[in-house]
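In case you want the letters, here they are:
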Amino acid sequence: MELPPLPYYLMIGLSTYRPGEMHPSRRNLGIFDLLWVTKGTLYIGEDDKEWEVTEGQTLLLLPDRYHYPVKGCDTETVFYWIHFDFHGVWQQTSDQDLGTIYPQIRKSWENPYRIRIPQYGSPPEFALAERHLRKLLTDSDYHRSESYWSEQQLFMELLRLLDAGHTRNDASPALKLADKIETYLRQHYQSDVTNTSLAEEFHFHPNYIVRCMKEIYDCTPMAYLHDYRIEQAKLLLIKTEWSIARIAEHIGFLNAPYFSNCFKAATGISPLRFRKQYSA
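A. Quick look at the packing of aromatic side chains. Considering all chains together, one arrives at 19 aromatic pairs under this definition. Seen from their ring centres, Y148 and W149 are 4.9 Å apart, and the 80° between their planes marks the pair as edge-to-face. Its relative accessible area of 23% is what places Y148 among the partly exposed residues. Classification of W149 as exposed rests on a relative accessible area of 66%.

B. Representation of the state of the cysteines. As enumerated under the stated definition, the model contains 0 disulfides in all. With no disulfide of its own, C219 lies 13 Å from the sulfur of C212, the closest cysteine sulfur. Relative accessible area serves as the criterion here: at 12%, C219 is assigned to the buried category. C262 takes part in no disulfide bond, and the closest cysteine sulfur, belonging to C219, lies 15 Å away.

C. How the structure looks around helix α6 (residues 221-239). Helix length check: α6 (19 residues) gives 27 Å between terminal C-alpha atoms against 27 Å at 1.5 Å per residue, within 8%. What α6 keeps buried is the set P221, Y224, L225, Y228, R229, I230, E231, Q232, A233, K234, L236 and L237. Of the surrounding elements, those touching the buried residues of α6 are α3 (173-187), α4 (195-202), α5 (206-217), α7 (244-250), α8 (256-267) and α9 (271-276).

Cut-offs applied
- Residues numbered from 1 in each chain as written.
- Predicted model: local features only at pLDDT ≥ 70, side-chain atom pairs only at ≥ 80, totals over all residues.
- Heavy atoms only, no water.
- Phe/Tyr/Trp six-rings, centres within 6.5 Å; stacked < 30°, edge-to-face > 60°.
- Buried < 20%, exposed > 50% of the residue type's maximum accessible area, 1.4 Å probe, protein only.
- Disulfide = S-S within 2.5 Å.
- Helix = DSSP H or I, 4+ residues; strand = E, 2+ residues; numbered from the N terminus.
- Expected span 1.5 Å × (residues − 1).
- Contact = heavy atoms within 4.5 Å.

This is how it looks when you write it as structure tokens:
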């Protein structure tokens, strides 16, 4: 799921099925249905896929599919279900395609993130998730104005547990290194950073560092650094009265004329004109 917007919590429930009972069939529900099994086994299918969801496992049923029971429960089965909505862009990918779902470059007016929820899995922190689920179920009994913020916060924490567990298990070496480099560039964008200094910092050959950044962020470290400095310049042009020369020096450019040329090449207008269009 490409954020923003954020997924939106709708409701939670706790269901108990006796032996022989089964999940109802539904088609094109229009919302996501996230199941957390705490006891027994739930036999359920979606289109041409079928799962046995056992204690400590989750299953995410998609809003535009056909959901049906595969068979009745063998033993007493207990599970939480969460309905949530999402109005943004989402896609289903296979394990083979996961390598192509990478981060986006952060801009001044954006804070993009891609949350990856395994459709079927065993979250490593299921016990913590179960405590959140109990609290979420309790909060749903309170007056709407009292429970709204707590519900949304607990729901997002549950998604974080799913996303964090998935990322830890399948992050490639290139993704891990590129994330570290991206963080380093944002923290040291005011300094004189080069591919050589990055190689010394992370103990990898400069060519490997460049290859990882291009694979994950589709740009070299120096291109990322350049773009990030321009984004910081935009903020300073709006939030301060600093001169162009001071801004250029602050964000790591050697001189003001070179900064102005780079800024115009990136935005299509000069730094002064950019500032004026936001002036009162």
